[in-house]
Amino acid sequence: MIVSLKLLKDKRDCYQNIILRRKNEYSSLIDLKDLYNNDIIDNKVKYLLIDENDVDYDFLHRDIIIEHIYNSILNVKADNSFVIGINGAWGSGKTTTVNIVKEKIKNNINNKDLILNDFNPWIYDNPQNMMVGLLKSILNEADITSNPLEHEKIFKSLINVIFKKAGFDDTFVNNFFYNLDTVEKIKDELDDFLEFNQKRVVLFVDNLERAEADNIIFLFKLIGQVFDLKRITYVIIYDEDRLKDIFSDKLKIDYHYIEKIIQQNISIPPIQQELLWNVCRVCIEKLLIFYGEKNLDEYRLIVNLIVSEVKDLRMLKRFLNTVVTETFAVPHYLSKYTLFALNTIKFFDENLYYNIYQNKRYFITTDKIYDMNTRYMDINKKENNEKAKDLFDELIKNKNKEYQEILSNMFIAVKRYLSGQDIINDRYEDIDYDLIRINKSIYSGMYFDIYFSQSENEFLEIDKDIDDFIECINYIKDENLLYEFIRQKIISINIKYGISEYLWIDKFLSHIRKNINHSECLIVKALYENILELNDDMKAFEVSSKDKVKYFIARYLKKCALEKFNKIVDLMKNDYKKLNIIYNIRYLFNVLC
């Protein structure tokens, strides 16, 4: 027997080592397209994140708009400055579309004739530095081979002219740099550089809305008045709605000013809704499968909600990296369905998420004595029901079907509200306490808080211990070894948990009633024969550990087969030390329906 127990301990240690190794296994940053196509090659990868960097392939079937931008850039006359605006809402795929165009140009056009470069105005802290950065982007990438001092001459002369010689000695600048004191002379110099090298420069200006407001308007002035150079094409990528807000709210400038600068405006259309829905659903389901979820139908409502709320691929990537990873990549002892639903609500509707937490007294419907906010809610049911209904009218009534159904699955209170019942009532026919214990339901006062904090408490520690114990019971095949293992556990729980012993017994019995069948008779035998080891004290309104076991044995005898009934009854014959316990079990047996 000692050898068998050692093997059992070794098996459990091995199980813990597997969990530890899983935490240290490889993570991987993959592209959304790889997830969609199921191209996850390395089977060592256990932790997936989706790369949020812009890509250079067409995932949205935008061949027409790509060709339009491509032809617009190529057909600009070399001896003119030209400004193309690429306008699209945030997340519409502007940058990705432009990246595809760039790649297409590189693959089809001689790089010596057409220079492509990127300029990010948001990285500059003031207009002066931004102007120098823009000019360097033009000169350096155009491979203009003049002396670096010539470049420096232009930089400082422009600063001197445009910024009224701020920060420089007037005599030094004018004398050393040949007295280039007008913008027109500088522009002529730049034009000569570009013409001499026979280069066409295409400058892509992205992330415009992220720049300081003053830098944005200054950039448009530079492009329209200072750097309106021959042989240069500007491609400005922007979100029109955001830019309008900046112009009206911060700059107090008429937005139509931009129309004087941008000579061709190309709008990126919204993503096709059905295409987005399909990509969203496929990627979520494949990621769930990757994390070992086999019953996708269980998550159908949540996936439907996600599909209805995701507006673009960027949002989808953030959702996958934030919610799916947080819920499924990290080991949790709470209900994955509930965690997934709750984290999804937080991602799309933080107001609803925090309102649920702040008003938990209306959402907790069982184990109220374990939460200070809810233990007295039953005293004034009428008033509290009216308050609960008013709150749910505000939070839930106008939500779409997916939100309502998910909340109804999570909270009995919401289910009652949607069916027109009292939210706070004395009827318990809609409550299955065994499932609450096994599933660690969020509407229990034992678990509500830790779903939001994702920490642990005494109840969860007991759950972990019981989960390990149940696993061992299912693993042991030898009846004598199993009996001894259960007996030792019953003896030890009072020492380990003290006054919380009744919680352990309550949760353990729930698991037996719902999950364990093959060894239930042996468990009943072990419980009965060692019942005197259990505590007889009652805490608050809870039944003692001993009384819970009495009720469990009586219930088992009521439903078990005659052969097993006789086995348990035979144990009670001549057991004079337990006469009072036998009497209680007999009484419960008779009153049970």
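Each value, and the rule that gives it
- Within any chain, residue numbers begin from 1 and follow the written order of that chain's sequence.
- In keeping with the model being predicted, local features are shown solely for residues with a pLDDT of at least 70 and side-chain atom pairs are shown and tallied solely at 80 or more, while totals for entire chains, interfaces and linings include all residues.
- Heavy atoms throughout the structure, all of them, feed into the side-chain values; hydrogens and water do not.
- Between Lys or Arg on one side and Asp or Glu on the other, a salt bridge is scored when a side-chain nitrogen of the former is within 4 Å of a carboxyl oxygen of the latter.
- Elements are defined by DSSP. Helices are runs of H or I of four residues or more, strands are runs of E of two residues or more, and each kind is numbered from the N terminus.
- For each residue, the accessible area found with a 1.4 Å probe, counting protein chains only, is set against the maximum for its type, and the residue is called buried under 20%, exposed over 50%, and partly exposed in between.
- Should DSSP find at least two bridges between two strands, the strands are taken to pair.
- As a rule, the C-alpha atoms of each element are fitted with a line to give its axis, helices using only the stretch in contact, and angles between N-to-C directions run from 0 to 180 degrees.
- The contact rule is simple, with two residues in contact once any of their heavy atoms fall within 4.5 Å.
- Ring pairs are drawn from Phe, Tyr and Trp, using the six-membered ring of Trp, whenever the two centres fall within 6.5 Å, and their geometry is named by plane angle: stacked under 30 degrees, edge-to-face over 60, tilted for the rest.
- Whether a charge sits over a ring comes down to the Lys NZ or Arg CZ being within 6 Å of the ring centre and within 35 degrees of the ring normal.

Draft legend 1. Structural detail: the pattern of salt bridges. In the structure shown here, the tally under the stated rule is 24 salt bridges. Salt-bridge contacts for aspartate 463 lead to lysine 507; the nearest nitrogen and oxygen are separated by 3.5 Å. Highlighted residues: aspartate 463 in helix H23 (residues 458-475) and lysine 507 in helix H25 (residues 501-515), separated in sequence by 44 residues. Each of the two residues, aspartate 463 as well as lysine 507, counts as buried. One salt bridge connects lysine 489 with aspartate 465, and the closest N-O pair in it is separated by 3.0 Å. You can see lysine 489 sitting in helix H24 (residues 479-497) and its partner aspartate 465 sitting in helix H23, a full 24 residues away along the chain. Note on aspartate 465: relative accessible area 10%, which makes it buried.

Draft legend 2. Just unusual backbone geometry, in detail. One non-glycine residue, glutamine 454, lies in positive phi territory at about 50°. Structurally, glutamine 454 can be placed in the loop between helix H22 (448-453) and H23. Its identity as a non-glycine residue notwithstanding, asparagine 574 has a phi of 60°, on the positive side. By the secondary structure assignment, asparagine 574 is in the loop between helix H28 (562-572) and helix H29 (579-591). According to the relative accessible area criterion, asparagine 574 is exposed, its value standing at 60%.

Draft legend 3. Summary view of the sheet that holds strand S4 (residues 114-119). Read across the open sheet, the five strands follow the order S4-S5-S6-S3-S7; overall the sheet is parallel. Looking along the sheet, the strands with just one partner apiece sit at the ends: S4 and strand S7 (264-267). Across this sheet, the average inter-strand angle for adjacent strands is 20°, counted without regard to direction. Relative to strand S5 (residues 200-205), S4 is paired through six bridges, and the arrangement is parallel. Its bridge partner lying in S5, aspartate 118 is registered against phenylalanine 204. Contacting strand S3 (82-87), S4, S5 and strand S6 (232-238), helix H4 (residues 94-108) runs over the sheet at an angle of about 155° to S4. Where helix H9 (residues 213-226) meets the sheet, its contacts fall on S3, S4, S5 and S6, and the angle it forms with S6 comes to roughly 155°.

Draft legend 4. Focus on the packing of aromatic side chains. By the definition in use, this model includes 24 aromatic pairs. Seen from their ring centres, phenylalanine 319 and phenylalanine 347 are 5.3 Å apart, and the 85° between their planes marks the pair as edge-to-face. Of this pair, phenylalanine 319 sits in helix H14 (residues 313-329) while phenylalanine 347 sits in helix H15 (residues 336-348), and the two are 28 residues apart along the sequence. By relative accessible area, phenylalanine 319 is classed as buried at 0%. Aromatic side chains phenylalanine 347 and phenylalanine 348 sit 5.0 Å apart centroid to centroid with 85° between the ring planes, which places their arrangement in the edge-to-face category. Among the residues examined, phenylalanine 348 registers a relative accessible area of 17% and is labelled buried. Members of the aromatic cluster, each reached through a chain of ring pairs, are Tyr299, Phe319, Phe328, Tyr337, Phe340, Phe347 and Phe348. A cation sits over an aromatic face here: lysine 399 above tyrosine 403, 4.8 Å from the ring centre.

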